[in-house]
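Single-letter residue listing:
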Amino acid sequence: MQQILKLLLSIVIVTMTFIVSATLAGMLAEYAGWWKKPVIGGVAAACVVLSGYMSAPGHKLYYATAWLGIGAVAAWVMSNAFMYAEDANTSAPLYITYACGFFALILCWMWERNRYYQN
């Protein structure tokens, strides 16, 4: 029962991290005059994978990988649902989102590897 509660808490943490990071990244991109969609996607993807890794109750790398997969599907759905004129005929924001999520997963793998070798 304890593991289920920790998993539910992890899901809440990752969801809130997604909302907050996407909102703040959008505000930053708007303020700086950058193309918002890849900034929001990249920051949100990295934050979701990292927070999924850090808040996982166990098997942290598996959870981070699962969050990357869930996020990739969600990014694909959202990229089709929220098309803007500036996004016409390009998938660059989606690829940037995937790349940032994958980079975050590599960071998690490196942390996991360091933790394993230190013990």
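Described in the following lines is the structure provided in the data block. (Residues numbered from 1 in each chain as written. Predicted model: local features only at pLDDT ≥ 70, side-chain atom pairs only at ≥ 80, totals over all residues. Heavy atoms only, no water.)

Things to note about the packing of aromatic side chains
Basically, it comes down to this: Stacked, edge-to-face and tilted are the three classes for Phe, Tyr and Trp ring pairs, Trp counted by its six-membered ring, which pair at centre distances within 6.5 Å; planes under 30 degrees apart are stacked, over 60 edge-to-face, the rest tilted. Secondary structure elements follow DSSP: runs of H or I no shorter than four residues count as helices, runs of E no shorter than two count as strands, and numbering proceeds from the N terminus. Buried, partly exposed and exposed residues are distinguished by accessible area as a fraction of the type maximum, computed with a 1.4 Å probe on protein chains only: under 20%, between the cut-offs, and over 50%, respectively.
According to the stated counting rule, one finds one aromatic pair in the structure shown. Ring plane angle 40° and centroid distance 6.1 Å describe the contact between Tyr-53 and Trp-111, whose orientation is recorded as tilted. Residue Tyr-53 is located in helix H2 (residues 36-55), and its partner Trp-111 is located in helix H4 (residues 92-118); the two are separated by 58 residues in the primary sequence. In this structure Tyr-53 comes out as buried when scored by relative accessible area, which is 6%.

Observations concerning the packing of helix H3 (residues 60-81) against H4
Which entries qualify depends on this criterion: Lines are fitted to the C-alpha atoms to define the axes, a helix being fitted only along its stretch in contact, and any angle between axes, read from their N-to-C directions, falls within 0 to 180 degrees. Roughly parallel here means an angle under 35 degrees, roughly antiparallel means over 145, roughly perpendicular means 65 to 115, and every remaining angle is called oblique. Throughout, a residue-residue contact means that at least one pair of heavy atoms, one from each residue, lies within 4.5 Å. Amino acid classes used here: Ala, Val, Leu, Ile, Met, Phe, Trp, Tyr, Cys and Pro are nonpolar; Asp, Glu, Lys and Arg are charged; the rest, including Gly, are polar.
For the pair H3 and H4, interaxial distance at closest approach is 10 Å and the crossing angle is 175°. Judged by the inter-axis angle, H3 sits roughly antiparallel to H4. Contacts from Lys-60, Leu-61, Ala-64, Thr-65, Leu-68, Ala-72, Ala-75, Trp-76 and Ser-79 in H3 reach Leu-94, Thr-97, Tyr-98, Gly-101, Phe-102, Leu-105, Cys-108, Trp-109, Glu-112 and Arg-115 in H4. Grouping the constituent residues of the contact of H3 with H4 by class yields 12 nonpolar, four polar and three charged.

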